[in-house]
Amino acid sequence: LGAGGTDATAVSGGLVRAFEPDPAAAALARQSLAELHADAHVRRVAAYRETGSVYLLRAGSLSHTDVPAGAEVLDAVAVNRRFGFVGLPADTVGVYERRAGYLSPDRLRHAVLARLDAAGVPAPEPVTVAAATPDGELRLADGRRLHGVVVLATGARTPELLRASGLADGTAVPRTKHIQVGRYPAAGPQTPAFVDE
């Protein structure tokens, strides 16, 4: 829960859906989506908008026990007809969830901070991470060290943090992602959020 502005939470996409091919991730995703659907206040303050979601993958890698309640499994022809995806391999299936969509992580963060403040809970202390180690130690810019399991959403700061942590070279380099975004005008029905494996 940082202070906001230009950090990773402020620019995060906020996709919420129940289907994930990994069972552990799927369990968390289903719980999160159910919590969101059960709380109108959270949906409002987080600016949730329901767009639907379709997850494209090979038919052989999908077990029907992994499909969340209320989702549909569509073959490549149905995915093309309903959503306009062309050129899909014949063995593609799409897991379509009508009740999935997007929220604003930044707005949700500010709502959580406001609720903590109203309850008299001190705001989380903003910290600047100078370096991280594979065993979970964070070295802060002010010289302090924190220990534990951590997840850092560093966005564009990832290369800088890897260099400062001594992890920019060699075989121990953590996996990083580069995300490129394009916006294009489109006609016809709104395209759902999608993942194409």
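Everything below is about the structure shown above.
A quick note: this is a predicted structure, and the numbers were derived from the prediction, not measured.

Participant: Explanation requested: helix 2 (residues 23–37) in the structure shown.
Facilitator: Given 3.6 residues per turn, any residue in an α-helix points the same way as the ones three and four places further on. Taking 1.5 Å of rise per residue, the 15 residues of helix 2 would be expected to cover 21 Å, and the 21 Å separating its terminal C-alpha atoms lies within 8% of that figure. Among all positions of helix 2, only A26, A29, L33, L36 and H37 are buried. Along the axis of helix 2, the buried residues cluster in a sector spanning 95°; they form a single face. Every exposed residue of helix 2 that faces more than 90 degrees away from the buried side is listed here: A24, L28, Q31 and E35. Packed against the buried residues of helix 2 are strand 1 (15–16), helix 3 (40–45), strand 2 (49–50) and strand 5 (92–97).

Participant: Explain the environment of Q31 to me, please; I cannot follow it from the model alone.
Facilitator: The topology assignment puts Q31 in helix 2. Look at Q31 and you get exposed, because its relative accessible area is 52%. Considering only alpha carbons, one finds Q31 and A18, 13 residues apart in sequence, at a separation of 7.9 Å.

Participant: What am I meant to see in the layout of surface pockets here?
Facilitator: Remark: the empty space left among the atoms is shown by a probe the size of a water molecule rolled over them. Taken as a whole, the second largest pocket spans an internal volume of roughly 400 Å³. Residue assignment for the lining of the second largest pocket shows that the elements contributing at least two residues are strand 1 and helix 2. No other element matches helix 2, which puts six residues into the lining of the second largest pocket. By residue class, the composition of the lining of the second largest pocket is nine nonpolar, one polar and four charged.

Participant: How do you make sense of the sheet that holds strand 10 (residues 193–196) when you look at a structure like this?
Facilitator: Two orientations exist for strands paired in a sheet by backbone hydrogen bonds: parallel and antiparallel. Spatially, 4-5-3-10 is the arrangement adopted by the four strands of the open sheet, whose pairing is mixed. Strands at the two margins of the open sheet, each flanked by one partner only, are strand 4 (72–75) and strand 10. Direction aside, the axes of adjacent strands within the sheet are offset by 20° on average. Of the strand pairs in this sheet, strand 3 (residues 53–58) and strand 10 are connected by four bridges, and their pairing is parallel. Along strand 10, the bridge assignment pairs V54 with F194.

Participant: Before we go on, may I ask you to explain the pairing of strand 5 in this structure?
Facilitator: Put simply, side chains in a regular strand alternate between the two faces of the sheet. In terms of burial, strand 5 is a largely internal element, six of the six residues being buried. Sheet analysis places strand 3 next to strand 5, joined by six bridges and oriented antiparallel. Looking across to strand 5, one finds that L56 is bridged to G94.

Participant: Help me out: how do you make sense of the packing of aromatic side chains in this one?
Facilitator: Within a pair of aromatic rings, the relevant descriptors are the distance that separates the centres and the angle that separates the planes. All told, the structure shown has three aromatic pairs when counted by the stated rule. A centroid spacing of 4.9 Å and a plane angle of 75° characterise the contact between F85 and F194, whose relative ring orientation is edge-to-face. Here F85, found in the loop between helix 4 (76–83) and strand 5, pairs with F194, found in strand 10; they are 109 residues apart in sequence, far enough to count as distant. The exposure class of F85 is buried, given its relative accessible area of 13%.

Participant: Can you walk me through the sheet that holds strand 7 (residues 129–132) in this structure?
Facilitator: The strand order across the open sheet built from three strands is 7-8-9, with neighbouring strands paired in antiparallel fashion. The sheet is open, and its two edges are formed by strand 7 and strand 9 (145–146), each paired on a single side.

Thresholds applied
- Residues numbered from 1 in each chain as written.
- Predicted model: local features only at pLDDT ≥ 70, side-chain atom pairs only at ≥ 80, totals over all residues.
- Heavy atoms only, no water.
- Helix = DSSP H or I, 4+ residues; strand = E, 2+ residues; numbered from the N terminus.
- Expected span 1.5 Å × (residues − 1).
- Buried < 20%, exposed > 50% of the residue type's maximum accessible area, 1.4 Å probe, protein only.
- Arc of directions from axis to C-beta.
- Contact = heavy atoms within 4.5 Å.
- 1 Å grid on protein atoms, 1.4 Å probe; cavity = no way out; pocket = protein on both sides within 12 Å on 5 of 7 lines; lining within 4 Å.
- Points joined across faces, edges and corners; volume = space filled by probe spheres on them.
- Nonpolar A, V, L, I, M, F, W, Y, C, P; charged D, E, K, R; others polar.
- Pairing = 2+ DSSP bridges.
- Axes fitted to C-alpha atoms, helices over the stretch in contact; angles between N-to-C directions.
- Phe/Tyr/Trp six-rings, centres within 6.5 Å; stacked < 30°, edge-to-face > 60°.

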